[in-house]
Structure formats: structure tokens, C-alpha cells
4 protein chains.
Amino acid sequence: MMEDINIKYDESITLEDRSAPILIEGLPGIGHVGKLVAEHIMHELGATRIAEITSIYFPPQVIISENGTVRLCNNEIYRYKGELGSFLFLVGDFQSTSGEGHYLLSHLYVNIARELGVKRIYTIGGYGVGHFLEVTRVIAAINQESLKAEVETAGGIFSEGEPGGGIIGAAGLMLGLAKPFGIEGICLMGETSGYLVDPKSATNVLSVLTKLLGITIDDAKLTERAGEMEVALQRLLEQEKKSDEELSYIG
Amino acid sequence: MMEDINIKYDESITLEDRSAPILIEGLPGIGHVGKLVAEHIMHELGATRIAEITSIYFPPQVIISENGTVRLCNNEIYRYKGELGSFLFLVGDFQSTSGEGHYLLSHLYVNIARELGVKRIYTIGGYGVGHFLEVTRVIAAINQESLKAEVETAGGIFSEGEPGGGIIGAAGLMLGLAKPFGIEGICLMGETSGYLVDPKSATNVLSVLTKLLGITIDDAKLTERAGEMEVALQRLLEQEKKSDEELSYIG
Amino acid sequence: MMEDINIKYDESITLEDRSAPILIEGLPGIGHVGKLVAEHIMHELGATRIAEITSIYFPPQVIISENGTVRLCNNEIYRYKGELGSFLFLVGDFQSTSGEGHYLLSHLYVNIARELGVKRIYTIGGYGVGHFLEVTRVIAAINQESLKAEVETAGGIFSEGEPGGGIIGAAGLMLGLAKPFGIEGICLMGETSGYLVDPKSATNVLSVLTKLLGITIDDAKLTERAGEMEVALQRLLEQEKKSDEELSYIG
Amino acid sequence: MMEDINIKYDESITLEDRSAPILIEGLPGIGHVGKLVAEHIMHELGATRIAEITSIYFPPQVIISENGTVRLCNNEIYRYKGELGSFLFLVGDFQSTSGEGHYLLSHLYVNIARELGVKRIYTIGGYGVGHFLEVTRVIAAINQESLKAEVETAGGIFSEGEPGGGIIGAAGLMLGLAKPFGIEGICLMGETSGYLVDPKSATNVLSVLTKLLGITIDDAKLTERAGEMEVALQRLLEQEKKSDEELSYIG
């Protein structure tokens with residue numbers, strides 16, 4: 001029987017060359033702020049893919065590449081090691097299709113972090129407010145009170161009652177699940193209308209995150225990347241709507 | 001792989017200091033009558049937290065505290081031992097997100113009760129009638145006929161056909177699952193419109209429950225607590241609505 | 001951890017006193033024709049309860065009896081042995097809440113049948129047509145072609161394309177799952193509007209079934225029983241609607 | 001406990017007589033193009049059934065044959081060996097009722113392919129565009145770039161952004177899951193309105209597929225078969241609608 005969740009490391013890479021003290025999670029979510037920020041940093045730094053995660057908790061479909069070849073939906077781990085430090089990135093196509101899957105996948109992500117020597121996890125997301133905003137803040141949450149001052153200094157805002165008492169999906173669960181292992185967790189949520197891939201919100205989050213990381217990343221290409229991502233996501237969302245119909249049709 | 005349900009006891013507390021003959025369950029439900037009554041007694045008595053339960057059957061999100069730190073959704077066991085007796089309390093953020101989870105969690109709760117020497121379980125809930133009421137009754141159900149007279153003397157009402165043949169969630173299942181182990185089970189349901197946290201209904205339930213427990217609990221702060229809970233729950237419910245949208249968006 | 005499905009036999013009854021060559025299934029379904037017919041025969045014959053089945057695949061609620069005591073939702077096995085022969089009856093509160101549960105429970109029922117020496121299974125259901133009918137037929141299906149003549153002689157009708165290519169739930173699955181073990185399976189479906197407990201449809205099914213069983217059962221009380229069942233079911237259905245709301249509220 | 005997925009080979013057939021280098025999947029889907037094409041070839045060649053797959057992930061119902069006998073929903077493997085070559089066919093009643101089931105079943109299908117010596121898998125489906133078309137193309141996807149030229153020569157079209165980034169269900173997952181085992185995978189999707197069994201779309205797919213297989217199959221009976229399938233499917237779909245109601249009623 002297939003494993004419910006599979007992780008496959010690139011075998012040419014040793015454990016040492018997989019490790020890093022920092023993990024940045026940027027999976028799909030509100031306004032795709034997390035995805036945009038994480039993938040932007042990753043590409044600017046030239047990170048290398050070290051592992052692929054597939055799971056029965058992802059949607060039951062394959063993704064078609066531009067050349068017509070298919071691949072399973074996945075999440076991926078990338079790693080950068082260089083002048084600016086060592087960072088791991090968790091990015092991918094989807095989060096889980098079920099509540100139980102969210103827990104089981106987030107648990108795996110935290111286990112990977114432990115195995116690869118991670119001391120701090122940043123999870124990046126959007127905070128959807130449902131209407132357009134002139135100025136967008138970066139709302140923060142942490143899994144240890146001692147992290148607060150550092151986050152505030154970098155520009156993160158702690159606002160009681162925002163986001164309404166909870167953070168959904170991997171961005172929240174990874175912080176909660178990492179806590180008992182002493183791994184620091186910081187969630188940065190870019191305020192966004194939530195309707196489109198939001199480069200303005202992502203720019204603000206990038207600014208706070210890079211201050212925390214102590215690095216400089218050019219944000220010139222962020223808007224361009226947002227536009228490309230928007231096109232790709234619209235296709236995927238249309239497909240998902242169809243797939244809901246199709247699943248009800250073939251199931 | 002993550003366990004589907006996890007219970008973690010405070011390790012500084014011995015088994016003897018965890019035990020008590022009475023368990024009072026007050027998880028979220030209709031009008032949050034159970035939650036309000038159980039948490040009110042618990043706080044008035046100054047009960048101590050002895051265990052935390054987390055599960056993949058809870059919603060896949062974390063709760064943000066006032067200071068900006070996050071924690072996993074959980075249910076908790078508190079214990080009071082003092083002049084008024086020994087009581088355990090089962091309270092928490094949510095019940096299960098699936099029917100199977102309701103059974104598996106309730107089974108765990110009954111196992112905990114057995115392990116901690118519980119002889120009687122009180123489950124507290126609301127009985128939603130869907131319209132505002134001048135006078136609200138406390139409807140009762142039991143898992144052994146011998147308990148009837150005692151409950152009626154304390155003011156509980158057995159009304160054939162109310163609540164319509166069934167009790168949903170932990171309040172009902174714990175009674176049914178405890179029965180084969182000879183653990184007495186009494187469910188007290190405060191009649192309520194079901195729309196808001198209902199302090200009037202909770203006051204009535206508190207009156208019946210404390211008579212059964214043979215203790216006196218001041219109800220002065222019940223209305224105040226109801227107001228606070230209402231604010232917190234409104235935030236959580238808004239968040240839940242958003243999270244349904246978000247889950248469909250990221251899943 | 002709780003078993004997903006539990007069967008508990010009355011321990012005072014030996015395996016020999018549990019066995020019978022015929023099993024009659026009458027679980028809830030369209031028009032509650034199956035439930036009505038099976039329970040009517042069972043009560044007229046004075047059958048004895050020999051086993052109780054509980055499961056996490058039943059709705060997460062307890063049933064309240066007239067005296068205020070609760071019990072878990074269950075399915076039950078009754079047995080009659082006497083002048084008229086030996087029969088087992090499978091009756092209960094609900095079928096499964098999930099598709100997977102339907103398969104797993106039906107598989108258990110067939111395993112019970114094998115263990116108790118059953119050679120033939122009758123499954124009784126309703127065939128809902130969605131409008132009121134003057135004359136209601138008894139539509140039949142079988143799991144071995146050799147049974148056809150016998151069923152037709154008793155008044156069962158094989159009508160190509162009715163019911164539209166499929167039988168849902170235990171009434172169908174038990175026939176399919178029993179087939180590889182050489183257990184004969186006959187499904188009798190009373191045509192019904194499907195709106196109410198339908199004593200007219202049940203009377204027709206009772207007539208065909210008793211001919212097949214070679215026994216005579218008085219049908220005088222069938223209408224009375226239907227009325228009682230209607231009252232009980234209306235309460236349960238109202239409760240179920242509420243419980244859907246409540247589950248979404250507490251989950 | 002029942003296995004979640006069961007495969008039963010006809011025991012009179014040796015492993016050698018089960019094997020073939022090519023597997024053609026034609027399970028139900030959009031416009032039932034895959035089902036129509038695969039079953040047409042299978043019948044024209046006179047393929048033999050070698051295995052039956054049943055699963056708790058199929059809908060919980062049985063199918064009634066014309067003679068009134070029932071069988072469990074299933075998927076089946078057929079095999080042809082003769083002058084034209086050796087081919088396996090995967091056809092059946094339904095795909096999975098859940099996302100997780102889609103993965104687990106597709107994984108099984110790929111394992112079967114590996115066991116039976118399959119070197120190439122063709123998955124056939126429809127590409128629903130939601131409106132009627134004068135000319136319908138055959139859109140293709142592959143799991144290795146080296147297959148592209150061969151598919152294009154046979155008439156398959158690679159169109160960037162069609163089908164919108166993904167292929168749902170077994171047609172996609174089998175290609176993705178087969179890839180790590182070096183099994184070639186080609187998906188052919190007949191453009192179709194998606195409303196009815198579409199013989200025109202199927203004729204186009206048949207033409208491309210037979211070129212790829214290097215065989216000739218008469219398409220004269222394709223329209224006739226489409227008509228028959230339409231009648232059968234309408235019955236099944238009506239039944240499914242009813243079964244949704246019935247499941248909510250009995251569950």
C-alpha cells in the first residue's frame with residue numbers, strides 16, 4: 001500500500017548538505033503572499049531543490065508542465081547555503097485537502113526541520129481582510145514570548161484579536177507543533193484583500209522577513225513574479241473548480 | 001507519524017494527585033452553556049490544569065493568545081481538590097471536526113475517567129429550541145435508571161421526547177461509552193435559544209449541578225463571564241467562517 | 001484505541017443458540033419499509049436479542065429512551081427459534097454515515113452470517129419513486145440466478161432497469177459481499193413514495209417474504225406499528241437536522 | 001476486517017498469461033470518452049477478463065444486471081493477446097469517492113502494471129470545455145519528454161495551458177505514479193462538451209490511440225456503443241442522485 005505521505009530526498013546530497021538553522025515556509029494561502037515571498041527569496045538566492053513530498057492528502061491530480069509532461073502535486077524543500085547564510089524553504093502546489101491531512105503534513109514538516117537541524121521556522125501567509133487597503137500591515141505571531149521584541153523591531157505588528165484568534169493550515173500548525181521541541185516559530189502575515197496575488201503585501205512581508213534574517217533581497221522582480229503567479233493560479237483555480245465537478249462526476 | 005489523539009499529563013503531578021471521583025465535561029456546544037458552567041465552577045474553585053489533549057480531529061488551526069503567542073487547539077483536564085471535594089473538569093476549544101473523531105475522542109475521555117478513578121460523569125450542554133424563552137428548564141438524561149430520583153430532586157427535568165431522541169457529541173457519547181464500565185453518567189442540558197452564550201440558562205444549570213455536587217458556587221460572575229466568552233467566541237466563529245473559505249482556498 | 005466496529009454477543013447464549021440458516025436484514029432506509037417489515041416479524045415471533053453492534057461509523061449521538069436513560073446508536077441481531085423455524089434479524093437505528101463505513105459494516109454483517117451458519121440472507125428495503133402510488137409492487141434482486149423462479153412464484157417482480165441499476169447501502173452490499181461465500185441473497189424492495197413510513201408497501205413485502213419463508217405472519221398490527229414508527233422517526237429526523245447544525249457549531 | 005482495496009485474479013490464468021507490455025486505462029470520466037474508447041477496442045479485439053478490483057472507496061452500492069442478479073461495483077482488468085499484440089485494459093463502473101481513494105487506487109493500478117510487465121500506460125479521458133464544438137481535438141500529456149514526437153506524429157496535440165494545468169483522477173495520477181518506475185505514460189484527452197457520451201470525440205481519440213498502438217480497429221460500432229452507454233449511464237446517474245438522497249436519509 002502507498003504511504004499516506006512520502007518524502008524523497010535527492011540522494012546525491014549528504015545530510016550535512018541538507019541542514020540549515022532556518023526554515024522558511026511559503027505554501028499557498030490567502031493572497032498567496034507566503035508563496036510569493038518564499039519563492040522570490042529562493043529564486044533570488046538561487047536555492048537548490050533537496051527533497052520532494054507527495055501525499056494522498058493533496059488533491060488527486062497531476063500538474064502539466066509547459067512541455068506537456070506531468071508530475072504529481074507536491075511540496076518541495078529547497079536549500080541555500082552561501083555568503084548570506086543557510087536557509088531551507090518549504091514551498092509547493094497545495095496544502096492538504098482535509099483537516100486531518102493538515103495536521104499530519106505539518107507534523108512531517110516539523111520532523112523534517114528537526115532532522116535538518118532547524119532552530120527557527122518562519123511561516124509566511126496572508127491575512128485576508130476582504131476589502132482593498134491603502135496601507136497593508138505585517139501582522140505577526142510567535143510560539144515563544146521571547147521572540148516578540150525582535151519581531152517588533154523588524155516591523156512586525158502584534159495586534160490583539162487579529163487574526164481573530166487563529167491561524168489556519170501549515171503556517172499556524174507548524175508553529176504550534178514545533179514549540180515542544182524548542183524550535184522558535186515566527187509567523188508573518190501580510191494584510192491583503194485576499195482576492196489576487198498581492199505583490200504590495202508581499203513587499204511589506206519581504207521587508208520584515210529580510211530584516212529578521214539579516215539579509216538584503218532585491219524586491220524589483222516581486223511584482224513581475226506576482227503577475228506570472230496570478231496567471232498560473234487562475235488556470236489552477238479554474239481547473240480546481242472543474243475538478244470538483246469532475247470528481248463528483250467520476251466518483 | 002503523529003498520533004491521531006495525544007494526551008500529555010503535567011509530569012510533576014502523581015497519579016494520586018490526578019484522581020477524583022467526579023468528572024464534569026463542559027466542551028463547546030449549543031449556547032455554550034456547558035463551557036460557561038464548567039469554566040465558571042473551575043475558576044471559582046481555582047482548579048489546576050493537569051493534562052492537555054491535542055488531536056488531528058480538531059480544526060487545523062492554532063489559537064493566538066493576547067501576547068501574540070500561538071498554541072494548538074486543545075481540550076484540557078483541570079482538577080480541584082479541597083474542602084468542597086475532588087473534581088475533574090474537561091474543557092476546551094472545540095469538539096471533533098468529524099463523526100468518527102467524536103467517537104474516538106469521547107472514548108479517550110472515558111478512558112481517562114477510568115484511569116483517574118472517576119465514579120460519576122456530569123456532561124453539561126445546551127438544548128437549543130431556536131426561539132427566545134421566558135423560562136428555561138434544565139433537561140436531564142442519565143445512563144442508569146437509578147439516578148433519576150436524585151436528578152429530579154435537584155431540579156433536573158426528564159421530558160419524554162426532549163431532546164428529540166438524541167444527544168450529540170461528547171455530552172451524549174461519554175454517557176453511552178461510560179455505561180459498560182459502571183461509571184454513572186448524568187447529562188444536564190440548559191434550554192436556550194441557542195443564538196448567544198446564554199448566562200440565564202447557565203445559571204439554571206449551575207443551580208441543578210451544584211445541588212447534585214453538594215456544593216455552593218457563587219453565580220455573581222456568571223453573566224460577566226458570559227459576556228467575555230461571547231466576545232471571544234464571536235472572534236473564533238468569524239475566524240472559522242474565514243477558515244472554511246481559506247481551507248477551500250489552500251486545500 | 002476504540003475499535004472502529006464492535007460486536008458484543010449476549011454471553012449467556014451459546015454459539016449453537018445463536019445460529020440459524022436464515023438472516024433477515026431490515027435496517028433504516030427509503031420509506032423504512034425494511035425496518036417496519038423486519039421489526040414486525042421479529043415482534044410477532046417474539047425473537048430474542050443476541051448481539052449489539054456499535055461503531056464510529058454511526059452518527060455521533062446517543063438515543064434517549066422514554067425513561068430518560070441513554071444508549072449508543074446501535075444495530076442489533078435478534079434470533080427466533082421455534083415451531084416456524086430459525087431466523088436471525090438484523091435491525092437498528094442507522095446505517096453508516098460514510099461510504100467506507102457502509103462497506104466495512106456490511107462486511108461485518110456477512111461475517112456474522114457466516115459464523116452463525118446462515119445459508120440465505122433476505123435484505124428488505126424500499127424503492128422510492130417520489131410520488132404516491134395506487135398499487136405498489138415488490139421489486140426483487142438476487143445474488144444467484146437460480147433464485148429467480150422461487151422469488152417470482154412468491155410475488156417478487158424482476159423489472160429490468162428498476163431500481164435504475166443499483167441498490168444502495170447494506171441491502172445491496174450484503175448480497176454482493178455474501179456471493180463469494182455461496183450464501184444466497186434476495187433483496188425485496190417495496191415500491192413506495194418514500195415520504196413516510198409506508199405500511200401498504202410493507203404489507204406487500206411481508207406477503208412476498210413470508211411466502212418465501214414458508215410461514216404465516218398476521219399483518220393486522222403493521223399499520224399501527226407504522227404509525228408509532230413514524231412518530232419516533234419524525235423526532236429522530238428533526239434531531240438529525242438539529243445535529244447537523246450542532247455538529248457544524250461544535251466541530 | 002475487509003481490505004480497503006481487493007484484487008482478485010482469475011486463478012485459472014498463469015502470471016505469464018496475465019502479462020502484456022501495454023495497459024490502456026478507460027475508467028469513467030468527462031464525456032465517458034475513456035470508457036467508450038477502451039471498451040470499444042476491448043470488445044472489438046475480444047479481450048478476456050483476468051481480474052476484478054473492489055474497494056471501500058467505490059460508491060456503497062451494487063449494480064443490478066439485466067437478469068436481476070447483483071454484483072459489487074468494480075473495476076476490471078481485461079487482456080488481449082493475439083495477432084495484433086498483447087494489451088491490458090483497465091475499465092470499470094466508477095472511480096473513487098474520495099481524494100485519498102483516488103491516490104490509493106491509482107497506486108494499485110500502477111503496481112498491477114509493474115507486476116504484469118507493462119512498459120507503457122495509455123490513459124484515456126475527456127477534456128470538457130462546457131460548450132458544443134464543431135471540431136474536437138485530442139489533447140495529450142506524457143510522463144517523459146521523449147514521448148512527445150511520437151504522440152504528435154499520431155495526431156495528439158500538446159497545447160500549453162490545456163487542460164488548465166492539471167489532469168484529475170486515475171488518468172493523471174497513473175502517469176505521475178508510474179514515472180519513478182520508468183513506465184512510459186501517455187494521456188489522450190478527447191475534447192468534448194462533457195454533457196453526453198461523446199462518440200465523435202471518442203472516434204478522434206481512437207484514431208490517435210490506434211496509430212500509437214500500430215493497430216487498426218473498426219470504428220463503425222462506436223456510435224452505437226455510445227448510445228447504449230448513454231442509456232445505461234443515465235440510469236446510473238439518476239440512481240446516484242437518488243443514492244445521495246438515500247445515503248443522507250439512511251446515514
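Described below are features of the structure shown in this document. (Residues numbered from 1 in each chain as written. Chains lettered and ligands numbered in written order. Predicted model: local features only at pLDDT ≥ 70, side-chain atom pairs only at ≥ 80, totals over all residues. Heavy atoms only, no water.)

Comments concerning the relation of the copies chain C and chain D
- Taken as rigid bodies, chain C and chain D are interconverted by a rotation of 90° and an axial shift of 0.0 Å, the fit giving an RMSD of 0.0 Å. As the rotation angle and translation indicate, the two copies are arranged about a four-fold axis. Of the C-alpha atoms belonging to chain C, the one lying closest to the rotation axis is found on Ser98(C), 7.6 Å away.
- Residue by residue, only 2% of the interface of chain C is reproduced at the interface of chain D, so the copies engage with different surfaces. (Least-squares fit on C-alpha atoms with pLDDT ≥ 70 in both. Contact = heavy atoms within 4.5 Å.)

Re the interface of chain C and chain D
- Taken together, the contact between chain C and chain D spans 43 residues of the former and 31 residues of the latter.
- A combined buried area of about 3,300 Å² lies between chain C and chain D, and 63% of that area is made up of carbon and sulfur atoms.
- Considering only the surface of chain C that becomes buried against chain D, Glu100(C), Tyr103(C) and Ile168(C) emerge as the three largest contributors, covering 22% of it.
- At the boundary of chain C and chain D, one finds zero salt bridges.
- Our count for the contact surface shared by chain C and chain D stands at eight residue pairs in polar contact (both at pLDDT 80 or more).
- Only helix H2 (99–115), strand S8 (120–128), strand S9 (138–142), strand S10 (166–168) and helix H4 (170–178) of chain C provide two or more residues apiece to the side of chain C that touches chain D.
- The element that contributes the greatest number of residues to the side of chain C that touches chain D is H2(C), accounting for six residues. (Buried area = accessible area lost by both parts, 1.4 Å probe. Salt bridge = Lys/Arg side-chain N within 4 Å of Asp/Glu carboxyl O. Polar contact = N/O pair within 3.5 Å; in protein donor to acceptor, adjacent residues only side chain to side chain. Helix = DSSP H or I, 4+ residues; strand = E, 2+ residues; numbered from the N terminus.)

Concerning the sheet that holds strand S4 (residues 61–64) of chain A
- Read across the sheet, three strands follow the order S5(A)-S4(A)-S10(D) without closing on themselves; strand pairing throughout is antiparallel. The outermost strands of the open sheet, each flanked by one partner alone, are strand S5 (70–72) of chain A together with strand S10 (166–168) of chain D. Taking the axes of each pair of neighbouring strands and ignoring which way they run, one obtains an average angle of 30° across the sheet.
- Sheet analysis places S4(A) next to S10(D), joined by three bridges and oriented antiparallel. Opposite Val62(A), over in S10(D), you have Ile167(D) as the bridge partner. (Pairing = 2+ DSSP bridges. Axes fitted to C-alpha atoms, helices over the stretch in contact; angles between N-to-C directions.)

Side note on the sheet that holds strand S5 (residues 70–72) of chain D
- The sheet built from three strands is open, its strands ordered S10(C)-S4(D)-S5(D) with antiparallel pairing. Each edge of the open sheet carries a strand with a single partner, namely S10 of chain C together with S5 of chain D. On average, each strand axis in the sheet is inclined to that of its neighbour by 30°, with strand direction left out of account.
- With three bridges connecting them, strand S4 (residues 61–64) of chain D and S5(D) associate as antiparallel partners. Residue pairing across strands places Val62(D) opposite Leu72(D), the latter belonging to S5(D).

Details of the interface of chain A and chain D
- Taken together, the 31 residues of chain A in the interface contact 43 residues of chain D.
- Between chain A and chain D, a total of about 3,300 Å² is buried, with carbon and sulfur atoms accounting for 63% of that surface.
- Our count for the contact surface shared by chain A and chain D stands at zero salt bridges.
- At the junction of chain A and chain D, the tally comes to eight residue pairs in polar contact (both at pLDDT 80 or more).
- If you list the elements that add at least two residues to the side of chain A that touches chain D, you get S4, S5 and helix H6 (222–250) of chain A.
- Counting residues per element, the side of chain A that touches chain D draws most heavily on H6(A), which supplies nine residues.
- When its residues are assigned to classes, the side of chain A that touches chain D shows 17 nonpolar, nine polar and five charged. (Nonpolar A, V, L, I, M, F, W, Y, C, P; charged D, E, K, R; others polar.)

What to know about the pattern of salt bridges
All names here are of chain A.
- On inspection of all chains with the given rule, the structure shows 32 salt bridges over all chains.
- A salt bridge links Glu 162 to Arg 137, with the shortest nitrogen-to-oxygen separation between them at 3.0 Å. Separated by 25 residues along the polypeptide, Glu 162 in the loop between helix H3 (148–153) and strand S10 (166–168) and Arg 137 in the loop between strand S8 (120–128) and strand S9 (138–142) bring together distant segments of the chain.
- Each of Arg 120, Glu 150 and Glu 184 takes part in salt bridges that share partners, so that together they form one network.

So, unusual backbone geometry
- Of the consecutive residues Glu162(B) and Pro163(B), the connecting peptide bond is found in the cis state with omega at -5°.
- Residue position: Pro163(B) is located in the loop between helix H3 (148–153) and strand S10 (166–168).
- Here the phi dihedral of His32(C) falls at roughly 50°; this positive angle occurs in a residue that is not glycine.
- Tracing the chain through its elements places His32(C) in the loop between strand S2 (22–25) and helix H1 (33–45).

Examining the packing of aromatic side chains
- Under the defined criterion, the tally for this structure stands at four aromatic pairs over all chains.
- Measuring from centroid to centroid gives 6.2 Å for Tyr80(C) and Phe87(C), while their planes differ by 15°, and the two rings are stacked.
- The exposure class assigned to Phe87(C) is buried, which follows from its relative accessible area of 4%.
- Cation over ring: Lys148(A) sits above Phe158(A), and NZ or CZ is 5.3 Å from the ring centre.
- Here Arg18(D) stacks its cationic end above the ring of Tyr9(D), 4.1 Å away from the centre of that ring. (Phe/Tyr/Trp six-rings, centres within 6.5 Å; stacked < 30°, edge-to-face > 60°. Buried < 20%, exposed > 50% of the residue type's maximum accessible area, 1.4 Å probe, protein only. Lys NZ or Arg CZ within 6 Å of the ring centre and 35° of its normal.)

Describing the relation of the copies chain A and chain D
- Note on the copies: chain A fits chain D at an RMSD of 0.0 Å, the axial shift is 0.0 Å, and the rotation between them is 90°.
- Different-surface contact between copies: only 3% of interface residues of chain A are shared with the interface of chain D.

A few points about helix H1 (residues 33–45) of chain D
Residue and element names in this part refer to chain D.
- Here H1 spans 18 Å end to end across 13 residues, near enough to the 18 Å set by a 1.5 Å rise per residue.
- Taking burial as the measure, the 13 residues of H1 include eleven buried ones, the bulk of the element.
- Those residues of H1 not exposed but buried are Val 33, Gly 34, Lys 35, Leu 36, Val 37, Ala 38, Glu 39, His 40, Ile 41, Met 42 and Leu 45. (Expected span 1.5 Å × (residues − 1).)

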